[in-house]
Amino acid sequence: MTKEQYEALSRPFRGRPMAVKGLKVANRCLTLSCYLLYPSLLLWALVTGDPRLLRLVLVPAVSFGVVSVFRRLRNSPRPYEALDIVPLIPRNKHGESFPSRHVFSVFLIAMTWGWICPPVGWLLGAVGVLLAFTRVVAGIHFPRDVVAGALLGILCGWVGFYLI
């Protein structure tokens, strides 16, 4: 993505404080909803004695750790660093843009829920698409970052829950 492409993408939000606030609220609420639903699933599995609990913990934990190490080693710049833009959602973080760990996490949580309750998994997948869009429009991630995050989340969930 070039600076001009980003400016065209973010133009409907720039100069409209309520639109920017809506983007910020969407980013926060979409992220929070997934991060609350995952422990809810673990609690349900614990309370009901579901034998899948260990896998529900290990697959996301190992996957998250591997992606976090990869991001740190790769250390790709964020759009606001590489393109010299002002993001709609201010960040102080530098580097570690590829892949998007927020989007990765949402899609992995969607796969985790999908293993237990497919309709919730599909719903969370839709939440992941919306979150990916907000992260790109906000100038926090490049499109490749969110696409890679989504694909890695799906792949890790597929391998951890269906292949192994």
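What counts as what
Going along each chain's sequence as written, the residues are numbered from 1 onward. Two thresholds apply to this predicted model, a pLDDT of at least 70 for residue-level local features and 80 or more for giving and counting side-chain atom pairs, whereas whole-chain, interface and lining totals are computed over all residues. For side-chain calculations, the full set of non-hydrogen atoms in the structure is used, while hydrogens and water are omitted. UniProt positions are given in the numbering used here, feature names are shortened, and annotations may be inferred rather than shown by experiment. Helix and strand labels come from DSSP, where a helix needs a run of H or I of at least four residues and a strand needs a run of E of at least two; each type is numbered from the N terminus. Residues enter a nonpolar core if they are buried and are Ala, Val, Leu, Ile, Met, Phe, Trp, Tyr or Cys, with the set joined through side-chain atoms within 4.5 Å. Three labels apply to residues, based on accessible area from a 1.4 Å probe with only protein chains included: buried if under 20% of the type maximum, exposed if over 50%, partly exposed otherwise in between. By definition in these notes, contact holds between two residues if any of their heavy atoms fall within 4.5 Å. Take the residue count of a helix, subtract one, and multiply by 1.5 Å to get its expected span. Pairs of N or O atoms within 3.5 Å make up the polar contacts considered here, provided that, within protein, one atom can donate a hydrogen while the other can accept it, and that residues adjacent in sequence are counted only when both atoms are side-chain atoms. Definition used for salt bridges: Asp or Glu carboxyl oxygen within 4 Å of a side-chain nitrogen of Lys or Arg. Each patch is assembled from residues with relative accessible area greater than 30% and no salt bridge, linking like charges that lie within 9 Å and nonpolar side chains (Val, Leu, Ile, Met, Phe, Trp, Tyr) that lie within 5 Å. Note on areas: these come from Shrake-Rupley sampling with a 1.4 Å probe, and a residue is covered only by the protein chains present in the view. As a per-residue measure, pLDDT reflects the predictor's confidence and takes values from 0 up to 100.

An unreviewed UniProt entry lists the chain under the name Phosphatase PAP2 family protein, with Candidatus Intestinimonas merdavium given as the organism.

Chemist: Go over the UniProt feature "transmembrane region" (unreviewed entry) in the chain, please, and point to the residues and values.
Modeler: Per the UniProt record, the feature "transmembrane region" (unreviewed entry) sits at residues 25-47, 53-70, 98-116 and 145-163. As a span, residues 53-70 carries 100% helix and 0% strand, and end to end its C-alpha atoms are 26 Å apart. Along residues 145-163 the backbone is 100% helical and 0% strand, and the end-to-end C-alpha distance reaches 25 Å.

Chemist: Can you tell me about the nonpolar core, naming the residues and giving the values?
Modeler: One finds C34, L56, I109 and L124 to be the most contacted residues of the largest nonpolar core, which totals 21 residues. Contributing elements (two or more residues each) for this core: α2 (17-48), α3 (53-74), α5 (101-116) and α6 (118-137). At 8 residues, the largest contribution of residues to this core is made by α5. Beyond its immediate stretch of four places on either side in the chain, L56 contacts Y38, L41, L42, A45, T112, W115, I116 and F161. F13, V20, L83 and L88 belong to the second largest nonpolar core, which has 13 residues in total.

Chemist: Residues and numbers for α2, please.
Modeler: With 32 residues, α2 extends 46 Å from end C-alpha to end C-alpha; this agrees with the ideal 46 Å at 1.5 Å per step. If you check which residues of α2 are buried, you get V20, L23, N27, L30, T31, C34, Y38, L41, L42 and A45. Contact partners of the buried residues in α2: α3, α5 and α6.

Chemist: Describe α5, with residues and values.
Modeler: For α5, built from 16 residues, the straight-helix expectation of 22 Å at 1.5 Å per residue is met to within 8% by its first-to-last C-alpha distance of 23 Å. With 14 of 16 residues buried, α5 lies mostly within the body of the structure. Its side-chain oxygen 3.2 Å from the backbone nitrogen of V103, S100 forms the N-cap of α5.

Chemist: Lay out the pattern of salt bridges with the relevant residues and their values.
Modeler: For the structure shown, the criterion picks out 5 salt bridges. Here E96 makes a salt bridge to K93, at a shortest N to O gap of 3.3 Å. Assessed through its relative accessible area of 11%, E96 is described here as buried. By relative accessible area, which is 26% here, K93 ends up partly exposed. Between R144 and D145 there is a salt bridge, with the nearest N and O atoms lying 3.6 Å from each other. Salt bridges here are not isolated pairs; linked through shared partners, they connect R71, R72, K93 and E96.

Chemist: How would you explain a nonpolar patch on the surface if you had to name every residue and give the values?
Modeler: A cluster of nonpolar side chains, contributed by L54, V57, L58, V62 and V66, occupies part of the molecular surface with about 450 Å² of accessible area. Structurally, V62 is set in helix α3.

Chemist: I'd like a description of the confidence of the model for the chain, backed by residues and values.
Modeler: Per-residue pLDDT for the chain averages 96, and the proportion of residues at 70 or more is 100%. Per-element averaging of pLDDT across the chain places helix α1 (residues 3-10) at the bottom with 94 and α5 at the top with 98.

Chemist: Just give me the short version of the side chain of S97, but keep the residues and values in it.
Modeler: Position of S97 relative to the elements: it lies in the loop between α4 (79-82) and α5. For S97, a relative accessible area of 0% corresponds to the buried category. S97 has contacts with R71, S76, P77, R78, P79, I140, H141, F142 and D145, leaving out every residue within four places of it along the chain.

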